[in-house]
Amino acid sequence: MATVIAGDSSKRKLLSVHGLLERTKTMPMSLWRSLRKVGRDDPRRAIYALKVGTALTLVSLLYLLEPLFQGIGKDAMWAVMTVVVVFEFTAGATFYKGFNRALGTIFAGSLAFFIECIAAELGTVSRAIFVGGSVFLIGFAATYVRFIPRIKKNYDYGVMIFILTFNLITVSSFREPNVLKIARQRLYTIGIGCVVCIFMSLFVFPNWSGEDLHNSTADKIEALARSIEACVTEYFNDDMSKETAERKSTRDTIQKGYRAVLDSKSVEESLASFASWEPRHSSYRYPWQQYVKLGATLRHFAYTAVALHGCLESEIQTPQSVRSLFREPCCRVAGEVSKILRELAMSIRKRQHCPPDILSDNLHDALHALNSSIKSQPRLFLGTKNAQAKSTILAAQTNQHSSYSTTALPSVKTDVSALLDFRSKREHHSERSTLKPTLSKIAILSLEFSEALPFAAFASLLVEMAVRLDLIIDQVEKLAKEAHFKEFTEKNDIKIDVKICDSATVLPTINVACGE
């Protein structure tokens, strides 16, 4: 027995070592593919990495070149540290961190010099107590101030640098007599590092936070349009039982579309905050916060897309034979909603007002056609009078002959509620009984006119999307007005026709008409 266990243990070790060697062999290629993907997704990342390397090289000269080192000394390393922590991907973020770092350093150095001037007149013990008390009080006050919303939003990094610099200078001044020289040299080096970062951010292939926020807003609206199209296409797909690569791609498109909107709140707020620091649109106050409000409206709209996707994942599904009755009107509504979303995205991308007739009669006609189609099949949703009468009679018979319950069964129930009530009553009774034939007939009868109810939820969500379009259009128009977008003209007219075909494919066609 011990020999068998030892053999199994050695075999597992060999397999583990073999797996480790295989992963080691494939690691370089996997790393290379990851690096290529990062560069392909956004080529600006490679440019930003080159800019950081160049900035680090420039500030390192303060330490490497002897003449510069003699003038600045060992504090030249603070310039390198400043580049590492200040240089961000966008110019707005770099401005934010650079300004906060400089401001925090200036205030901390000034306060530390004032504290040193007072402590110099005290004895050794009294000076130690005074320095320790100053560190405690300033640290407590500055940390508490960070919780103020306005400070937290705009100057949190500066307050953190203030605490760090004040403590370093104040505590080191207890052993170092010339504290003014320390503060001055660190201020110089930090200033040099900030200047290098700002120069590289502004004049060498700059990346703007405002531009990223603007483009990402348009991208999210287009992603919602794709998600809606893919969801409706998948819902009316005749071959839903098979898990194909095309179907998996469609499901990924649905999730990526609304997740791009739902997961963007923190990114939007950060980009809007950083964009306010950028020296662009200086002629007027650009409404960056309006992008945040528009993003909140898009998330409100995206919740409906999530619910629409939930209809695909539901355990209770409407048969394809019933869905096919409403394929055309649903596709028309989804196509019109997607077209309007794409027109809104195009208006934002081109910085122009929306077309005055963006809510055309086509959407109204599509909704009217869907409503007419549902009304043309009343038995699927309401049931016939004969069916309701039969269910009432059967329910009465069940009440008379049932021995396991003393409560009356409702006259008309859906199949789900009837079965749930039956199961709960059977579990709480000691004697196990089988489902009565009459109760089975009730469940089957109710199923006949309740099998279309899941589709009713799907259709109501489509209508809800059409209604919520007004909220998005209002926010986009408000953004266009406050940001001074150019007026819509016929020569910039952009028509987007989206067709959702019965063959479970989405074929968008874009016709651009430009007048001379």
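Residues numbered from 1 in each chain as written. Predicted model: local features only at pLDDT ≥ 70, side-chain atom pairs only at ≥ 80, totals over all residues. Heavy atoms only, no water.

**Things to note about the overall build of the protein**
Scanning the protein from terminus to terminus reveals 21 helices and two strands. Residue burial in the protein is summarised as follows: out of 516 residues, 41% are buried. A separation threshold of at least 6 residues defines the contact pool for the protein, and within that pool the share at least 24 residues apart is 78%. In the structure as shown, the protein presents an accessible area of about 29,000 Å², 62% of it carried by carbon and sulfur atoms. (Helix = DSSP H or I, 4+ residues; strand = E, 2+ residues; numbered from the N terminus. Buried < 20%, exposed > 50% of the residue type's maximum accessible area, 1.4 Å probe, protein only. Contact = heavy atoms within 4.5 Å. Areas by Shrake-Rupley, 256 points an atom, 1.4 Å probe, with all protein chains shown as cover.)

**Re the nonpolar core**
Formed by 62 residues in total, the largest nonpolar core has its most connected members in Phe301, Val337, Leu341 and Phe458. Only helix 10 (209–235), helix 11 (245–262), helix 12 (265–275), helix 13 (288–313), helix 15 (327–349), helix 16 (361–375) and helix 21 (453–482) provide two or more residues apiece to this core. Looking at this core, the element that brings in the most residues is helix 21, giving 13 residues. Excluding residues that lie within four positions of it along the chain, Leu341 makes contacts with Ile221, Leu224, Ala225, Ile228, Phe301, Leu469 and Ile472. Core analysis: the second largest hydrophobic core is formed by 18 residues, Val52, Ile72, Ala76 and Tyr157 among them. (Core = buried A, V, L, I, M, F, W, Y, C linked by side-chain atoms within 4.5 Å.)

**Comments concerning the confidence of the model for the protein**
Per-residue confidence for the protein averages 77 on the pLDDT scale, and 73% of its residues sit at or above 70. Predicted confidence for residues 384–420 stays below pLDDT 50, and this span has 45 contacts to residues more than four positions away or in other chains. Below pLDDT 50 for its whole length, residues 492–496 participates in 15 contacts with residues either more than four positions away or in separate chains. (pLDDT = per-residue confidence, 0-100.)

**Some thoughts on the environment of Ala260**
Topologically, Ala260 is positioned in helix 11. For the pair Ala260 and Arg299, spaced 39 residues apart in the sequence, the C-alpha separation amounts to 9.5 Å.

**Observations concerning helix 10**
The terminal C-alpha atoms of helix 10 lie 38 Å apart, and with 27 residues this matches the ideal 39 Å at 1.5 Å per residue to within 8%. Most of helix 10 sits out of view: 22 of its 27 residues are buried. (Expected span 1.5 Å × (residues − 1).)

**What to know about unusual backbone geometry**
In this structure, Phe205 is a non-glycine residue whose phi angle is positive, near 45°. Position of Phe205 among the secondary structure elements: in the loop between helix 9 (179–203) and helix 10.

**With respect to a nonpolar patch on the surface**
A contiguous nonpolar patch, built from Leu58, Leu61, Tyr63, Leu64, Leu65, Leu68 and Met77 and spanning about 600 Å² of accessible area, is present on the exposed surface. Within the secondary structure, Leu61 sits in helix 2 (residues 44–64). Residue Leu61 is classed as partly exposed on the basis of its relative accessible area, which comes to 32%. (Patch = residues over 30% accessible without salt bridge, like charges linked within 9 Å, V, L, I, M, F, W, Y side chains within 5 Å. Salt bridge = Lys/Arg side-chain N within 4 Å of Asp/Glu carboxyl O.)

**Some details on the pattern of salt bridges**
Tallied over the full model, the rule gives 15 salt bridges. Note that Glu222 is salt-bridged to Arg349, the shortest N-O span being 3.2 Å. One end of the pair, Glu222, is in helix 10; the other, Arg349, is in helix 15, and 127 residues separate them in sequence. On the basis of relative accessibility, which here comes to 30%, the residue Arg349 falls in the partly exposed class. The structure contains a network of salt bridges with shared partners spanning Asp42, Arg44 and Asp212.

**Brief notes about the packing of aromatic side chains**
Inspection of every chain in the model, using the stated rule, returns 17 aromatic pairs. Here the aromatic rings of Tyr286 and Tyr291 are separated by 6.4 Å at their centres, their planes lie at 20°, and the arrangement is stacked. Taken individually, Tyr286 and Tyr291 each receive the classification buried, so the pair is uniform in this respect. Taken together, the ring pairs in this structure connect Tyr96, Phe99, Tyr155, Phe274 and Trp277 into an aromatic cluster. Here the basic side chain of Lys97 rests over the ring of Tyr157, its NZ or CZ set 5.1 Å away from the ring centre. Lying over the aromatic face of Tyr235, Arg323 brings its terminal NZ or CZ to 4.1 Å of the ring centre. (Phe/Tyr/Trp six-rings, centres within 6.5 Å; stacked < 30°, edge-to-face > 60°. Lys NZ or Arg CZ within 6 Å of the ring centre and 35° of its normal.)

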